[in-house]
Amino acid sequence: MNTTDNESYRKIHFAVMAIESGAKKLNISGQEMERRLQEQDLIRQRLIGQYELLHTQSLDYVADDIAETLINWERNND
């Protein structure tokens, strides 16, 4: 696996873990969480775009952050 593939894998793995953990915080399925995050473009903008900052935090922190961000973005974009 080359460096680019390895970094892409780490980012995708991080995003999946964050989506599942955020879904548990909101008491919804991972599929529902992923759909809602996609609607707000938060997977690209927040989880992948802020990977360097977020991956150094605890999974609990990231789950709280993405759940809160999703709720706020949905509220502001309705």
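Cut-off values and rules
- Residues numbered from 1 in each chain as written.
- Predicted model: local features only at pLDDT ≥ 70, side-chain atom pairs only at ≥ 80, totals over all residues.
- Heavy atoms only, no water.
- Helix = DSSP H or I, 4+ residues; strand = E, 2+ residues; numbered from the N terminus.
- Rg over C-alpha atoms; globule rule 2.2 N^0.38 Å.
- Buried < 20%, exposed > 50% of the residue type's maximum accessible area, 1.4 Å probe, protein only.
- Contact = heavy atoms within 4.5 Å.
- Areas by Shrake-Rupley, 256 points an atom, 1.4 Å probe, with all protein chains shown as cover.
- Lys, Arg positive; Asp, Glu negative; His and termini not counted.
- Charge placed at Lys NZ, Arg CZ, Asp CG, Glu CD.
- pLDDT = per-residue confidence, 0-100.
- Core = buried A, V, L, I, M, F, W, Y, C linked by side-chain atoms within 4.5 Å.
- Salt bridge = Lys/Arg side-chain N within 4 Å of Asp/Glu carboxyl O.

Caption draft 1: Up close: the overall build of the protein. Within the protein, the secondary structure is distributed over five helices and zero strands. Secondary structure elements in the protein, listed N-terminal to C-terminal, are α-α-α-α-α. Relative to a compact globule of 78 residues, whose C-alpha radius of gyration would be 12 Å, the protein shows 12 Å and is just as compact. Dimensions of the protein, computed from C-alpha atoms along their principal axes, come out at roughly 40 × 20 × 20 Å. Counting across all 78 residues of the protein, residues that qualify as buried make up 32%. At a minimum sequence separation of 6, the contacts of the protein that also span at least 24 residues come to 66%. Total accessible area computed for the protein in this model is approximately 5,100 Å², and 46% of it derives from carbon and sulfur atoms. The positive charge centre, built from 9 side chains, and the negative charge centre, built from 14, are 1 Å apart in the protein.

Caption draft 2: View of the confidence of the model for the protein. Averaged over every residue, the pLDDT of the protein is 94; the share at 70 or more is 97%. Taking the mean pLDDT of every element in the protein, the minimum, 93, falls on helix H1 (residues 3-26) and the maximum, 97, on helix H2 (residues 30-39).

Caption draft 3: Spotlight on the nonpolar core. Phe14, Ile19, Met33, Leu37, Leu47 and Ile66 are the most contacted members of the largest nonpolar core, which has 15 residues in total. Top contributing element to this core by residue count: H1, with five residues. The contacts of leucine 37, once residues within four sequence positions are left out, are Ile19, Leu42, Ile43, Leu47, Ile66 and Leu70.

Caption draft 4: Summary view of the pattern of salt bridges. Enumeration over the complete set of coordinates arrives at eight salt bridges. Note that aspartate 60 is salt-bridged to lysine 25, the shortest N-O span being 2.6 Å. Within this pair, whereas aspartate 60 is found in helix H5 (residues 59-77), its partner lysine 25 is found in helix H1, the two being separated by 35 residues in sequence. Look at aspartate 60 and you get partly exposed, because its relative accessible area is 45%. Residues lysine 25 and aspartate 64 are paired through a salt bridge, measuring 3.1 Å at the closest nitrogen-oxygen approach. Residue lysine 25 is located in helix H1, and its partner aspartate 64 is located in helix H5; the two are separated by 39 residues in the primary sequence. Here the salt bridges do not stand alone but share partners, grouping Lys25, Asp60 and Asp64 into one network.

Caption draft 5: Summary view of the side chain of glutamate 74. Secondary-structure assignment places glutamate 74 in helix H5. By relative accessible area, which is 15% here, glutamate 74 ends up buried. Non-local contacts of glutamate 74, meaning those with residues more than four positions away in its chain, are made with Arg36 and Gln40.

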